[in-house]
Amino acid sequence: ILYGFFLIQKTYPYFCQKNIMGFFSGKHIIGILGGGQLGKMLLNTTHQWDIKTKVLDPNAEAPARIGCNHFVQGDLMDYQTVIDFGKEVDILTIEIENVNPDALATLEQQGVKVYPQARVLKVIQNKCHQKQFYQKNKIPTAPFQLFNSKEDLKDAVVRGLISFPFVWKSESMGYDGYGVKIVRTNQNLEEVNEGACMAEELVDIDKELGIIVCRSPKGETCCYPCVEMEFHPEANQVEYVLSPARISKEVAKMAEEIALEVSKAFRHVGLLAVELFLTKEGEIWVNEVAPRPHNSGHYSIEASYTSQFEQHIRALLDLPLGNTANKVAGVMVNLVGKEGHKGPVHYKNIEHILAIEGVNPHIYGKKETRPFRKMGHITIVNKELSVARKIAEDVKETIEVITK
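Bear in mind that the values here come from a model prediction, so they are computed numbers and not experimental data.

**Q** Is there a simple way to think about unusual backbone geometry in this case?
**A** Excluding glycine, residues mostly carry a negative phi; peptide bonds, for their part, are mostly trans. Residue P116 is bonded to the preceding Y115 through a cis peptide linkage, with omega at 0 degrees. In this structure, P116 sits in the loop between strand 5 (113-114) and helix 5 (118-125). Between S243 and P244 the backbone carries a cis peptide bond, its omega angle lying at 5 degrees. Examined against the element boundaries, P244 turns out to sit in the loop between strand 13 (238-243) and helix 9 (249-266).

Now the structure itself:
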């Protein structure tokens, strides 16, 4: 038995290398479900390493279309479309959660490597199931109650089982501020969508934090430094991401330990972005997670030794994971459509911000802007976080995403 164990240990690198060789300047293909900006940025690494890619997206003008080897237009939620796409690739991953999980499960049974796994995605797609998962695995999270419908929630309010204010969250299809609303009055309650939902206790938050964990098929795990997220008060979108977060070493360590607990519980492969609340009392609670590259990790392209996008590709191929440390402090600014503007996009004053040292714009390639639509991001790097944060504010006040 011992001899067999040592033989496996000795020959594993050979088998691993033999398998990966088909990706580097080879015929093996990584398939990506979703062709948005996250898919587009994943392709930077596959270009660098000469790895063939295939992308599926419903939008004929998806940002990732220009960077992949083969593009397919199709519905990500359609079972047969995902099956037909997935059976032609060797590894299948996602850049958006809203894909058909049953198709992914079938593809896994047929031998396609699917990361994140279908079982992981099924839990995460449903915010109510996600909260129950934390509760079951004793992961700290805000107190909540689940409801089958809006009417059930309204009835609970009338009966005094739920008190204002609270956070309403839709069971599914919530992202970038959609499907989430602070309910302070009966009028607010009337405005929320129909369907299954949860009422979550409104947490007295000191800071919103994030940690990206990466896990490979063989179980190697690494964490990026804890980041701090500042949100737009109206759009409920991340406005700034600061790396590293302005917190004590003790708090950062506690946040990392909790993020690793979440990763261990899910047993995912690839990236897992863990969003956290730091309460006024100093507790850390998990808000929600995303099993893919995430807005909170965009700073890593310029500020880290290994970007989150390269790290995800490393994990998919079961390669050694890269160094997650920061080379320099980084602040990311989301570039979103200005209120009152809808139509062909124009980036006003972009030439002015490009004159500032340490400023790195990323334009996603979306041709049409609308209020608060994510059109790009800008990373500012500097040896001093406070300086980078000040430049980020100047940049945000200078550039405008408007219509032509």
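**Q** It is not clear to me how a negative patch on the surface should be interpreted in this structure. Could you clarify?
**A** Taken together, the side chains of D204, D206, E281 and E283 present a region of like negative charge at the surface. Given the relative accessible area of 60%, E281 is considered exposed.

**Q** Any chance you could explain the sheet that holds strand 19 (residues 368-369) here in plain terms?
**A** Sheet strands associate in pairs through backbone hydrogen bonding, adopting either a parallel or an antiparallel arrangement. The sheet built from three strands is open, its strands ordered 19-17-21 with antiparallel pairing. The open sheet has two edge strands, strand 19 and strand 21 (400-403), and neither has a second partner. Looking at chain direction, strand 17 (residues 343-348) and strand 19 are connected through two bridges and run antiparallel. Bridge pairing links P344 to E368 in strand 19.

**Q** Whenever I open this one, helix 11 (residues 308-316) confuses me. Can you help?
**A** Because each turn of an α-helix spans 3.6 residues, side chains separated by three or four positions in sequence point in the same direction. Where burial is concerned, most of helix 11 is hidden: eight out of the nine residues are buried. If you check which residues of helix 11 are buried, you get Q308, F309, E310, Q311, H312, I313, A315 and L316. The first or second residue beyond helix 11 is D318, which carries a positive phi of 60 degrees.

**Q** Help me understand the packing of aromatic side chains in this model?
**A** The description of an aromatic ring pair rests on the distance of the ring centres and on the angle between the ring planes. Evaluation of the coordinates by the stated rule reveals four aromatic pairs. Geometrically, the ring pair formed by F133 and Y134 is edge-to-face, given 6.3 Å between the ring centres and 75 degrees between the ring planes. F133 gets classed as buried once you look at its relative accessible area, which sits at 15%. On the basis of an interplanar angle of 15 degrees and a centroid distance of 4.1 Å, the ring pair of F133 and F266 is categorised as stacked. In this pair, F133 is assigned in helix 6 (residues 127-136) and F266 in helix 9, connecting sequence segments 133 residues apart. Taken together, F133, Y134 and F266 form an aromatic cluster joined through their ring pairs. Positioned above the aromatic ring of Y240 is the side chain of R389, whose terminal nitrogen or guanidinium carbon lies 4.0 Å from the ring centre.

About the criteria used
Residues numbered from 1 in each chain as written. Predicted model: local features only at pLDDT ≥ 70, side-chain atom pairs only at ≥ 80, totals over all residues. Heavy atoms only, no water. Helix = DSSP H or I, 4+ residues; strand = E, 2+ residues; numbered from the N terminus. Patch = residues over 30% accessible without salt bridge, like charges linked within 9 Å, V, L, I, M, F, W, Y side chains within 5 Å. Areas by Shrake-Rupley, 256 points an atom, 1.4 Å probe, with all protein chains shown as cover. Salt bridge = Lys/Arg side-chain N within 4 Å of Asp/Glu carboxyl O. Lys, Arg positive; Asp, Glu negative; His and termini not counted. Charge placed at Lys NZ, Arg CZ, Asp CG, Glu CD. Buried < 20%, exposed > 50% of the residue type's maximum accessible area, 1.4 Å probe, protein only. Pairing = 2+ DSSP bridges. Phe/Tyr/Trp six-rings, centres within 6.5 Å; stacked < 30°, edge-to-face > 60°. Lys NZ or Arg CZ within 6 Å of the ring centre and 35° of its normal.

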